[in-house]
Amino acid sequence: MRAHEAGTLHADLGSNGPSWLRTPGDVNALIPILWPKTVTRGQGGALTVGGVDVHQIKQDHGTPAYVFDEADFRDRCRNFRTAFGGADVYYAGKAFIATAIVKILVEEGLSLDVCTGGELAIAIRGGMPPERIGLHGNNKSVEELTQAVEHGIGRIIVDSFDEIDRLTQIAQKAQKRPAVMVRVTVGVEAHTHEFIATAHEDQKFGFSLSGGAAAAAVDKIEQDGVLDLRGLHSHIGSQIFDAAGFEVAARRLLKLHAEIAVKHGRELPELDLGGGFGIAYTTQDEPADPHQLAGDLLRIVKQECAALHLAVPHLSVEPGRAIVGPSMFTLYEVGTVKDVDGIRTYVSVDGGMSDNIRTALYDAAYSATVAGRASSEPPILARVVGKHCESGDIVVKDEFLPADVKAGDLLAVPGTGAYCRSMASNYNHVPRPPVVAVADGASRVIVRRETVDDLLRLDVG
């Protein structure tokens, strides 16, 4: 049985590592599912991405650095767009957002989901048409809601009765009728870490279906007549590998959808099943192909609508991690290699939990490889750790690296496009790394490296 990456996969840890981790026959081999599509080993075994050698990236931009494969990202955008056909694909900006990312999304025909005023500002700056923007959040401020109404964004996903009241007052004052969706907690708990499973009842998001709050929210919006109710929304969690949870969620949503049609005399035109589609962080992960996911979800919705004698609403989904996660890796330089009494080899890099908090926060598993060269030495089980003053500052808990891994080596960790730069911090006053985009044999900075001067500028004494 495959353990889930965000759960208990390290329960059997010891000097031999977790049960799913196998000793590689070739420590230099790249497992394609873990890496951006343009990554290969070039001369001397150094990784190249987008036609650029990692040594060149190190020379031009330093380490640590998030390395973004633009061609891979575009390809994943296109795969989701074509897989879901007439449905709308809203890229979940919380995974990673930057002006350059928004520009690519616009070019590739995707829409954009944002969660805060800051993300909305980036969306507008990047040229995303407001009608293709959705705003999420469990505690949207008056300022954020006002900005959304003023920009005329395509939909606001309302999350509480307080928010409905706030938005109604803002809309009346502005003499506008913003489009909204009601976020429903459908009682489906995806098989994931409890902090990133979002559809069970005991959590902060949305209106409870079983308790009647979701139906009451619809009643309130319809009776007030100020907001334009477009449909229902759910999100069942993150890092999900199959459609089973979505099937249960869709059935429950569409049952409410049918009840609304009877009570209010109209069928809502839209339905959003959220995102949370998983990616491969290690060899234990088996993500579904977007076309498979789309086929399953569209089939489920069509079958349920037919059973309920409903027209099929316009569907939308919100992939974030599944698009950007595999398109980026983090490039580090090794500083210290330490064997601890034969128990474990610790490989320390020049970043850590400030650029990837997910291992410490979610017990997430990652992979790694020596990126600057090939090695003929046998593999040893190592733990990749950061430079921060925390024993939990771990980047990769268990990975086989060559026995001659040493200070000065470049090391790459794949699958860091989602929630690494977005959740990065300045812990220990370490400046955050840059995001370096590579394509067609050239690299460019799309988010610059922070400096100590940046940190001091905020410290007003």
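Residues numbered from 1 in each chain as written. Predicted model: local features only at pLDDT ≥ 70, side-chain atom pairs only at ≥ 80, totals over all residues. Heavy atoms only, no water.

### Let's talk about the overall build of the protein
Applicable threshold: Per the convention used, a helix needs a DSSP run of H or I reaching at least four residues, while a strand needs a run of E reaching at least two, with both numbered from the N terminus. Relative accessibility decides the category of a residue: with a 1.4 Å probe and only protein chains considered, values under 20% of the type maximum give buried, values over 50% give exposed, and everything between is partly exposed. Whether two residues are in contact is decided by their heavy atoms, any of which lying within 4.5 Å being enough. Working definition of accessibility: Shrake-Rupley area with a 1.4 Å probe, residue cover restricted to the visible protein chains. Working convention for charge: Lys and Arg count positive, Asp and Glu count negative, and His plus the chain ends are omitted. A single reference atom marks each charge: NZ on Lys, CZ on Arg, CG on Asp, CD on Glu.
A count of helices and strands for the protein gives 12 helices and 21 strands. Seen along its three principal axes, the alpha-carbon backbone of the protein occupies a region of about 70 × 55 × 40 Å. Burial analysis of the protein (461 residues in total) assigns 57% to the buried set. Long-range pairs, those at least 24 residues apart, make up 70% of the contacts in the protein between residues at least 6 apart in sequence. For the protein, the computed accessible surface area is about 18,600 Å², with 50% contributed by carbon and sulfur atoms. Taken together, the 45 basic and 60 acidic charged side chains of the protein have centroids lying 3 Å from each other.

### Re the layout of surface pockets
As a reminder of what qualifies: A cavity, in this analysis, means grid points on a 1 Å lattice covering only the protein atoms where a 1.4 Å probe fits yet has no way out; a pocket is instead an open set bounded by protein on both sides within 12 Å along at least five of seven lines, and a residue lines either one if it has an atom within 4 Å of a point. Grid points are joined across faces, edges and corners, and a volume is the space filled by probe spheres set on the points. Under this grouping Gly is polar, as are all residues other than the nonpolar Ala, Val, Leu, Ile, Met, Phe, Trp, Tyr, Cys and Pro and the charged Asp, Glu, Lys and Arg.
When its volume is computed, the second largest pocket comes out at roughly 420 Å³. In this structure, the second largest pocket is lined by 21 residues; those nearest its centre are I33, K37, R76, P287 and P326. Elements supplying a minimum of two residues to the lining of the second largest pocket: α2 (70–83) and α9 (290–308). For the lining of the second largest pocket, a count of residues per class yields 16 nonpolar, 2 polar and 3 charged.

### Here's the deal with helix α6 (residues 161–174)
Here is the rule we go by: Helix span is expected to be 1.5 Å times the residue number reduced by one.
For α6, with 14 residues, the first-to-last C-alpha span of 20 Å sits near the 20 Å given by 1.5 Å per residue. Inspection of α6 places E163, I164, L167, T168, I170 and A171 among the buried residues, and these make up the whole buried set. Check the buried side of α6 and you find it contacts α5 (142–151), β8 (155–158), β9 (179–185), β10 (207–208) and α7 (213–224). At the exit of α6 stands Q175, carrying a positive phi of roughly 55°.

### Some words on the sheet that holds strand β1 (residues 40–41)
Spelled out, the test is: We treat two strands as partners when DSSP finds at least two bridges between them.
In space, the 3 strands of this open sheet follow the order β1-β2-β3, with antiparallel pairing throughout. Each having just a single partner strand, β1 and β3 (52–53) make up the two edges of the open sheet. Inspection of the sheet shows β1 paired to strand β2 (residues 47–49) by 2 bridges, in the antiparallel sense. Each bridged residue has a counterpart across the sheet, and for T40 the counterpart in β2 is T48.

### As for the packing of α5 against α6
Condition: Every angle, taken between N-to-C directions, lies between 0 and 180 degrees, and every axis is a line fitted to C-alpha atoms, over only the stretch in contact when it is a helix. Angle categories are assigned with fixed cut-offs, so that under 35 degrees is roughly parallel, over 145 is roughly antiparallel, 65 to 115 is roughly perpendicular, and the rest are oblique. Throughout, a crossing is termed right-handed when the near helix is turned clockwise from the far one, and left-handed when it is turned anticlockwise from it by less than a right angle.
Put simply, α5 and α6 touch, their axes get as near as 10 Å, and they point 45° apart. Considered as vectors, α5 and α6 are oriented oblique to each other. Relative to α6, the crossing made by α5 is right-handed. Mapping the contact onto sequence places V142, L145, T146 and V149 in α5 and E163, R166, L167, I170 and A174 in α6. Among the residues making up the contact of α5 with α6, the classes are represented as 6 nonpolar, 1 polar and 2 charged.

### Focus on the environment of A71
Along the chain, the position of A71 falls in helix α2. Each C-alpha atom of the pair A71 and V438 lies 8.2 Å from the other, and the pair is 367 residues apart in sequence.

### So, the nonpolar core
Our working rule: Grouping buried Ala, Val, Leu, Ile, Met, Phe, Trp, Tyr and Cys residues that are joined through side-chain atoms within 4.5 Å yields what is termed a nonpolar core.
One finds F68, F73, F84, Y91, V182 and L232 to be the most contacted residues of the largest nonpolar core, which totals 107 residues. Here the element with the most residues in this core is helix α8 (residues 244–264); it accounts for 8 residues. In terms of nonpolar packing, the next biggest core, distinct from the first, is built from 17 residues, W35, A46, V52 and L331 among them.

### Here's the deal with unusual backbone geometry
P64 follows T63 through a cis peptide bond whose omega is -10°. With respect to the helices and strands, P64 occurs in the loop between α1 (54–61) and β4 (65–69). Phi angles above zero are rare outside glycine, and D341 is one such case at about 55°. Along the chain, D341 falls in the loop between β14 (328–340) and β15 (344–349).

### Quick word on the pattern of salt bridges
What counts, and what does not: Here, a salt bridge means any side-chain nitrogen of Lys or Arg that lies within 4 Å of a carboxyl oxygen of Asp or Glu.
Counting across every chain of the model gives 32 salt bridges. For D219, the salt bridge is made with K263, and the minimal N-O distance between the two is 2.8 Å. With D219 in helix α7 and K263 in helix α8, this residue pair connects regions lying 44 residues apart in the sequence. A residue is classified by how much of its surface remains accessible, and D219, at 14% relative accessible area, is buried. With a relative accessible area of 56%, K263 lands in the exposed category. Residue R344 is joined to D398 by a salt bridge in which the shortest nitrogen-to-oxygen separation is 3.3 Å.

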